[in-house]
Amino acid sequence: MAKLTIAAAGDAVKLASKAAGAAVRTGEAAIRDCIEDARDLAVDTTKTAWGAVTVVGEMVVDGSKKMFRTIVAGALEVAGAIEAFLKRIGAAIRDFIEFLAMLFNWEKFLAKSDELYDLAKQQFAKLGGYAAQIRDIPALLDALVVRPVRSGLSGKSLGKAFGVGDFELPDFDELKWLVDVIEEAFTGSPPKLEDDPKGKQGPTQLDKTTTAAENEATTAALPKALLDASDVLDTSMDALLDLPKKTWAAGRAVTTELTGWIADHTPDLTEQARRSLTSRLTIPYLTDVIEVAILRGRKLDMLRLIALVGAVPAVLASGGNKSTGSLQKSAKSQAEEAIRWTQFGISLVNSSMFIARSASEWKGNFAGVWTFSIIGGATTAVAAAFDIAAAAAFDDESTRWYGITHGVLSLCGGLWMIGSTAWAISWPEGEGVIAIVDGVIEVVIGCGELATAIVVFSQGELAEEEFWAQFSYRMANWSLRGLYRLLDGVDNSRIKAANALTTSCAVAILASDLCEMGYGLTSTAMG
């Protein structure tokens, strides 16, 4: 095999000119063959098109020089090209990184991710301002259980009401690649955050006897049909709407104490959320390569992954270029789309954390559970800030109240995930006590989240036909997150199906996210 020469910028132009008359070869197998047999190789930057790159070169066939041109488009062909290239350069990792950077034409994704990254970071400044509303949660729950519920969903299951069923990840190679990165990063050993969560003292003022009694009472208030269900999407709406009144009565004292504690610590918990999402992720052998080759020098952190997950469909939905229609969109419309895709990125990563957290619980990997809980709580808190802002824009006063109440409850739940995890890290021998506390606050807060989301949906806010499907998926997301919190609070040692149901619920959240994204992409593409 001839020694491979990688053309520099000036030589690449000459090589591309010599290969201009060669027939274009496409397909993963052809690309592999060309690179493996190449003597000279370059990326033709003059022929670069959106979503594709032209690789040109010279190879020797039967003693004669032969020019070739290949079009590398899509992550599968990129993977084939990289693998073939890696065989040629062996341990020359710098050349590999440079070639990888040329193949992955991520400039548009990165530019959009910068916009979404900044949008998400802005939410942290808002979170500290909700301490008073978190402290007022007992009054909100009192109001919730006496307000009349106009449901119209009687007799329906959760899945049928919201239209969430089978789902498939849209056929975007770049998005699939990102999801694979996230899965690889978190299904093994969790990546190390450069700024690990610091243990802090939890709400030690709670009376142990009262807490244990209310844990028993809140679990007993849950319908047997829910805990025995094999599919959370089959759960009856009637049973779910009846939960807040029963669980709030059962867990009032502990919930009141805990919401006060969370309100007192909101600034610290919010700062921990920010650090968790913006601390550099350390993934062996991958972090440096990704930062250099793909992120173009940007730091690899959870918030960047969130922004990229949102940026990929946002850019691909517009074909990578601004159409005449998009240029005519109002500033408000463009801002709303940016928020939509940021929410999608947050939600997808959040549901991935929930799935990984449930898997770690199955394995008894407490270090994994702690990492996923911190990141899950941080993403929940940021998502709640977006949800509160969206609910505040509802025209109907009643629907607005339910929507904002849902967001405040969700924020409280996210901050508690962070606080309880830091408590568990500092007091590992107190696992049993913390689980009992969780069994009260998460069930009560989760039931409130669930019921408020269902009511917002049933009251038909934003019910124009073209928007209804996407709105229903968002409300399914809200409802399923409440159900996840409820199930996560249930004591696994007494309800054997609780962990399986929690995992099932996390997967259903992912399904609703993907359904919402699919509808959003269709809506955007149609203008």
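Residues numbered from 1 in each chain as written. Predicted model: local features only at pLDDT ≥ 70, side-chain atom pairs only at ≥ 80, totals over all residues. Heavy atoms only, no water.

Visitor: Can you help me understand the overall build of the protein in this one?
Guide: Secondary structure assignment for the protein yields 24 helices and seven strands. Each of the 527 residues in the protein was classed as buried or not, and the buried ones make up 56%. Within the protein, contacts between residues at least 6 apart in sequence are counted, and of these 80% link residues at least 24 apart. Working note: accessible area of the protein is about 21,800 Å², and carbon and sulfur atoms make up 55% of it. (Helix = DSSP H or I, 4+ residues; strand = E, 2+ residues; numbered from the N terminus. Buried < 20%, exposed > 50% of the residue type's maximum accessible area, 1.4 Å probe, protein only. Contact = heavy atoms within 4.5 Å. Areas by Shrake-Rupley, 256 points an atom, 1.4 Å probe, with all protein chains shown as cover.)

Visitor: So what exactly am I meant to see when it comes to helix α13 (residues 243–250) here?
Guide: Each full turn of the α-helix corresponds to 3.6 residues, which orients residues three or four apart in the same direction. Residues Leu243, Pro244, Thr247, Trp248 and Ala250 constitute the buried set of α13. The arc that holds every buried residue of α13, seen down its axis, measures 160 degrees, which confines them to one face. Structural note: α13 exposes Lys245 and Ala249 on the side pointing more than 90 degrees away from its buried face. (Arc of directions from axis to C-beta.)

Visitor: What am I meant to see in the pattern of salt bridges here?
Guide: Where charged atoms from two side chains of opposite charge approach closely, those side chains can pair. The final tally for this structure, using the stated rule, is 13 salt bridges. One salt bridge connects Glu58 with Lys18, and the closest N-O pair in it is separated by 3.6 Å. Of this pair, Glu58 sits in strand β4 (residues 52–61) while Lys18 sits in helix α1 (residues 9–18), placing them 40 residues apart in sequence. Look at Glu58 and you get buried, because its relative accessible area is 5%. Lys18 sits in the exposed class, given a relative accessible area of 52%. For the salt bridge of Lys246 with Asp242, the shortest nitrogen-to-oxygen distance reads 3.2 Å. (Salt bridge = Lys/Arg side-chain N within 4 Å of Asp/Glu carboxyl O.)

Visitor: Looking at this structure, I do not really get the nonpolar core. What am I missing?
Guide: For soluble globular proteins, the rule of thumb is that nonpolar side chains tend to be buried together. Grouped together as the largest cluster of nonpolar side chains are 108 residues, with contacts concentrated most on Ile134 and Ile137. With 15 residues, helix α22 (residues 431–458) is the single largest residue contributor to this core. Leave out the neighbours within four places in its chain, and Ile134 touches Thr259, Ile262, Ala263, Thr266, Val408, Leu411, Cys412 and Leu415. Listed in part, the nine residues of the second largest apolar core include Leu41, Met59, Phe68 and Val72. (Core = buried A, V, L, I, M, F, W, Y, C linked by side-chain atoms within 4.5 Å.)

Visitor: Just checking my understanding: could you explain empty space enclosed by the protein for this structure?
Guide: One simple way to see leftover space: roll a probe sized like a water molecule over the atoms. As enumerated under the stated definition, the model contains seven cavities of 30 Å³ or more in all. By volume, the second largest cavity is sized at about 110 Å³. Residue lining of the second largest cavity: 13 residues in total, with Asn350, Phe354, Thr380, Arg481 and Arg485 positioned closest to the centre. Mapped onto the lining of the second largest cavity, the elements with two or more residues apiece are α19 (331–363), α20 (366–392), α21 (397–426) and α23 (465–489). For the lining of the second largest cavity, a count of residues per class yields five nonpolar, three polar and five charged. (1 Å grid on protein atoms, 1.4 Å probe; cavity = no way out; pocket = protein on both sides within 12 Å on 5 of 7 lines; lining within 4 Å. Points joined across faces, edges and corners; volume = space filled by probe spheres on them. Nonpolar A, V, L, I, M, F, W, Y, C, P; charged D, E, K, R; others polar.)

Visitor: When you look at unusual backbone geometry in this model, what are you seeing that I'm missing?
Guide: Most peptide bonds are trans, and most residues other than glycine sit at a negative phi. For Arg296, which is not glycine, the phi dihedral falls at a positive 55 degrees. Locating Arg296 in the fold gives a position in the loop between α16 (287–294) and α17 (302–317). For Arg296, a relative accessible area of 31% corresponds to the partly exposed category.

Visitor: How should I be thinking about the side chain of Asn350 in this particular structure?
Guide: Mapped onto the elements, Asn350 comes out in helix α19. Note on Asn350: relative accessible area 2%, which makes it buried. Residues within four places of Asn350 in sequence aside, it is in contact with Gly376, Thr379, Thr380 and Arg481.

Visitor: Would you take a moment to explain the packing of helix α10 (residues 208–221) against α22 for this structure?
Guide: Each packed pair of helices is defined by two parameters, the angle between the axes and the distance between the axes. The contact between α10 and α22 brings their axes to 8 Å, and the two run at 50 degrees. Classed by the angle they form, the pair α10 and α22 counts as oblique. For the pair α10 and α22, the sense of crossing is left-handed. Along its contact with α10, which presents Thr211, Ala212, Glu214, Asn215 and Thr218, the element α22 presents Ala435, Ile436, Val437, Gly439, Val440, Val443 and Val444. Among the residues making up the contact of α10 with α22, the classes are represented as seven nonpolar, four polar and one charged. (Axes fitted to C-alpha atoms, helices over the stretch in contact; angles between N-to-C directions. Parallel < 35°, antiparallel > 145°, perpendicular 65-115°, else oblique. Left-handed = near helix turned anticlockwise from the far one by under 90°.)

Visitor: I'm lost on the packing of helix α5 (residues 107–127) against helix α15 (residues 266–278) in this one. Help?
Guide: Between α5 and α15, the shortest axis-to-axis distance is 9 Å and the interhelical angle comes to 165 degrees. The angle between the axes of α5 and α15 places the two elements in the roughly antiparallel class. Where α5 crosses over α15, the handedness of that crossing is left-handed. Only Thr266, Thr270, Ala273, Arg274, Leu277 and Thr278 of α15 make contact with α5, whose side of the interface consists of Tyr117, Phe124 and Leu127. Split into classes, the residues belonging to the contact of α5 with α15 amount to five nonpolar, three polar and one charged.

Visitor: Honestly, the environment of Ala217 in this entry has me stumped. Any pointers?
Guide: Residue placement: Ala217 occurs in helix α10. What makes Ala217 partly exposed here is its relative accessible area of 31%.

Visitor: Looking at this structure, I do not really get the confidence of the model for the protein. What am I missing?
Guide: Regions with low pLDDT carry predicted coordinates that are not meant to be interpreted in detail. When pLDDT is averaged along the protein, the result is 75; 64% of the residues meet or exceed 70. Taken together, the stretch residues 193–199 has pLDDT below 50 and engages in 16 contacts with residues farther than four places along the chain or on a different chain. A low-confidence stretch, residues 320–328 stays under pLDDT 50, and its non-local contacts, those more than four residues away or across chains, total seven contacts. (pLDDT = per-residue confidence, 0-100.)

Visitor: Which parts of the structure should I look at to understand the packing of aromatic side chains?
Guide: Two aromatic rings, taken as a pair, are described by how far apart their centres are and by the angle between their planes. Per the stated rule, a full pass over the model turns up six aromatic pairs. Summarising the aromatic geometry, the rings of Trp261 and Trp416 are spaced 6.0 Å apart at their centres and angled 80 degrees between planes, so their arrangement reads as edge-to-face. Taken together, the positions of Trp261 in helix α14 (residues 252–264) and Trp416 in helix α21 put the pair 155 residues apart, joining distant regions of the chain. Between Trp416 and Trp423, the ring centres sit 6.5 Å apart and the planes meet at 70 degrees, which makes this aromatic pair edge-to-face. Like Trp416, the residue Trp423 is buried in the burial classification. Pairwise contacts between aromatic rings join Trp261, Trp416, Trp423 and Trp427 into one cluster. Residue placement shows Arg304 over the ring face of Tyr117; its charged tip is 4.3 Å from the ring centre. Directly above the ring of Trp341 sits Arg340, whose terminal nitrogen or CZ lies 6.0 Å from the centroid. (Phe/Tyr/Trp six-rings, centres within 6.5 Å; stacked < 30°, edge-to-face > 60°. Lys NZ or Arg CZ within 6 Å of the ring centre and 35° of its normal.)

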